[in-house]
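Observations on the three-dimensional arrangement
The residues making up each chain are set out below.
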Amino acid sequence: MDFTLLSSPLQGFTDFRFRNAQNKFFGGIDTFYAPYIRLNGKLEIKNSYQRDLLPENNCSLEVIPQVITNDPDEFIFVAKYVRSLGYKELNWNLGCPYPMVTKCGMGSGLIKNTAQINTILERAHAETDIIVSMKMRLGYDTTEEILDVLPILEKFPIKNIAIHARIGKQLYKGGVHLDAFQQCIDNSKQKLYYNGDITSVAKFHEMQQRFPTIDHWMIGRGLIADPFLPSMIKNNTTEYPKNKMEVFSAFHDTLYEGYSESLSGQTHILLKMHHLWEYFSVIFSDPHKVHKNIKKSKSIRNYEATVKEIISKEK
């Protein structure tokens, strides 16, 4: 069965620099979702969002912008903005689990508010020509909450619904709820995508066997932890390339150079790279030691020397 691989958006990680570098050195992702635009009550698009979506920063990629909001005016404002850049589709985030978002009734905190979901979709389809797709969790408190939303979504020409098979309260802890995802398949006529814990080729095959009707698969944290994973899935291999560390090193250096140019000051650059290495360390033979050594690097010079040593040892 043919299938499509999608990059799930992660705030602070999957910006245009990451997307371009991943695509250049590894490939395997068919479509990238950009991290969400959040307006915070002002109808203004922040410079960082603008840079991330500029067509010239995404020229070799298929990218879909995303918005997080519980307000129809904000949704329509963002829809018109992304249309002005040439994008035809806007993905609506009803999946973000972080308390600072859900306490404001956004992300997975909006799933219970079916009336507001209906209002926003009605206005979006009446007042714009944007194609709407969704990214959701199964609920915030329980996995049944999504079942009240699915009939509302049936009323609209939603392009697809990507479902992360967890509830918001879990954040990223605990396992995925596969039976609950199956319930969504059984109760929806919409095109569904699967998201959640695709972290290896074996795990991907396991999910394929579990859900044979699904042909779109979204990879989130697994992509950052192992940027080789999509191409390995596409090539149906568990073998890394012989030049694994050379490729990773070139990828790392491209990212590092990009963030060094765009972020101001040593502290910001190191913080960004330290966060990335929380994931990157997974593909090394001693992840704990690698991450520990990276965390110890408190200066740019020390960081660069540490990375060089880690990669050299792994080779």
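Everything below is about the structure printed above this text.
Right, let's walk through the structure included here. Values in this document were obtained by computation on a predicted structure and should not be read as measured data.

Parameters at a glance
Residues numbered from 1 in each chain as written. Predicted model: local features only at pLDDT ≥ 70, side-chain atom pairs only at ≥ 80, totals over all residues. Heavy atoms only, no water. Helix = DSSP H or I, 4+ residues; strand = E, 2+ residues; numbered from the N terminus. Rg over C-alpha atoms; globule rule 2.2 N^0.38 Å. Contact = heavy atoms within 4.5 Å. Areas by Shrake-Rupley, 256 points an atom, 1.4 Å probe, with all protein chains shown as cover. Lys, Arg positive; Asp, Glu negative; His and termini not counted. Charge placed at Lys NZ, Arg CZ, Asp CG, Glu CD. Buried < 20%, exposed > 50% of the residue type's maximum accessible area, 1.4 Å probe, protein only. Pairing = 2+ DSSP bridges. Right-handed = clockwise from strand over helix to strand, strands pointing away. Axes fitted to C-alpha atoms, helices over the stretch in contact; angles between N-to-C directions. Parallel < 35°, antiparallel > 145°, perpendicular 65-115°, else oblique. Left-handed = near helix turned anticlockwise from the far one by under 90°. Nonpolar A, V, L, I, M, F, W, Y, C, P; charged D, E, K, R; others polar. Core = buried A, V, L, I, M, F, W, Y, C linked by side-chain atoms within 4.5 Å. Phe/Tyr/Trp six-rings, centres within 6.5 Å; stacked < 30°, edge-to-face > 60°. Lys NZ or Arg CZ within 6 Å of the ring centre and 35° of its normal. Patch = residues over 30% accessible without salt bridge, like charges linked within 9 Å, V, L, I, M, F, W, Y side chains within 5 Å. Salt bridge = Lys/Arg side-chain N within 4 Å of Asp/Glu carboxyl O.

1. Details of the overall build of the protein
What the protein contains, in helices and strands, is 14 helices and nine strands. Scaling as 2.2 N^0.38, a compact globule of 315 residues should have a C-alpha radius of gyration of about 20 Å, and the protein matches this with 20 Å. In terms of principal-axis extent, the alpha carbons of the protein reach across some 55 × 45 × 35 Å. The contacts in the protein between residues at least 6 apart in sequence include a share of 73% that link residues at least 24 apart. Carbon and sulfur atoms form 50% of the exposed surface of the protein, whose accessible area is close to 14400 Å². Here the protein contributes 38 positively and 35 negatively charged side chains, and the mean placements of these two sets differ by 6 Å.

2. Considerations on the pairing of strand S8 (residues 192-195)
Across the two faces of S8 the burial is the same, with Leu192 and Tyr194 and Tyr193 and Asn195 all buried. Examined bridge by bridge, strand S7 (residues 161-167) and S8 share four bridges and lie parallel to one another. Among the inter-strand pairings, Ile161 is bridged to a residue of S8, identified as Leu192. With helix H7 (residues 178-186) bridging S7 and its parallel neighbour S8, the resulting β-α-β unit is right-handed. One ladder, built from two bridges, connects S8 with strand S9 (residues 216-219); its direction is parallel. By the bridge assignment, Tyr194 is partnered in S9 with Trp217. What joins S8 to S9 is helix H8 (residues 201-210), and the crossover it makes is right-handed.

3. Quick look at the packing of helix H13 (residues 287-296) against helix H14 (residues 300-314)
Two elements in contact, H13 and H14, have axes separated by 9 Å at closest approach and are oriented at 160°. In this view, H13 runs roughly antiparallel relative to H14, as classed from their interaxial angle. Handedness of the H13/H14 crossing: right-handed. Here H13 contributes Val290, Asn293, Ile294 and Lys296 to the contact with H14, which in turn contributes Asn302, Tyr303, Thr306, Val307 and Ile310. A class-by-class count of the residues in the contact of H13 with H14 yields five nonpolar, three polar and one charged.

4. Remarks on the nonpolar core
Side chains of nonpolar character tend, in soluble globular proteins, to be buried together. By size, the foremost hydrophobic cluster in this structure holds 94 residues, and its most contacted members are Trp92, Met134, Leu153, Tyr194, Phe248 and Trp277. Excluding anything up to four places from it in sequence, Trp92 contacts Val67, Thr69, Phe75, Leu110, Ile117, Ile120, Leu121, Ser133, Met134 and Lys135. Counting six residues, the second largest nonpolar core, distinct from the first, contains Leu6, Tyr33, Tyr193 and Met218.

5. Considerations on the pairing of strand S6 (residues 131-139)
Looking down a regular strand, the side chains alternate between one sheet face and the other. Along S6, eight of the nine residues are buried, which leaves the element largely enclosed by surrounding structure. Sheet topology note: the strand S5 (residues 89-94)/S6 ladder contains six bridges and is parallel. Paired with Glu89 across the two strands is Ile131, which belongs to S6. Inspection of the sheet shows S6 paired to S7 by five bridges, in the parallel sense. Looking across to S7, one finds that Arg137 is bridged to His164.

6. Focus on the packing of aromatic side chains
Under the defined criterion, the tally for this structure stands at 21 aromatic pairs. Between Phe3 and Phe204, the ring centres sit 4.9 Å apart and the planes meet at 55°, which makes this aromatic pair tilted. Here Phe3 is found in the segment before strand S1 (4-7), whereas its partner Phe204 is found in helix H8, with 201 residues between them in sequence. On the basis of relative accessible area, Phe3 is assigned to the partly exposed category, the value being 22%. Phe204 gets classed as buried once you look at its relative accessible area, which sits at 1%. Put simply, the rings of Phe18, Phe26, Phe228, Tyr240, Phe248, Phe251, Trp277, Phe280 and Phe284 pair up and form one aromatic cluster. Looking at Lys272, its charged tip hangs above the ring of Tyr259, at a distance of 4.9 Å from the centre.

7. Comments concerning unusual backbone geometry
Positive phi is not limited to glycine here, since Asp197 has a value of about 60°. Overall, the relative accessible area of 24% leaves Asp197 in the partly exposed class. Despite not being glycine, Asn236 has its phi angle at roughly 50°, a positive value. You can see Asn236 is positioned in the loop between helix H10 (229-234) and helix H11 (244-262).

8. Side note on the environment of Asn187
One can find Asn187 in the loop between H7 and S8. Take Asn187: its relative accessible area is 47%, and that puts it in the partly exposed class. A sequence separation of 100 residues divides Asn187 from Tyr87, and the C-alpha atoms of the two residues are 30 Å apart. Beyond its immediate stretch of four places on either side in the chain, Asn187 contacts Leu147, Leu150 and Glu154.

9. Considerations on a negative patch on the surface
On the surface, a cluster of negative charge is made up of Asp253, Glu257, Glu261 and Glu304. Ranked by residues supplied to the negative patch, first place goes to H11 with three residues. Considering the arrangement of structural elements, one finds Asp253 in helix H11.

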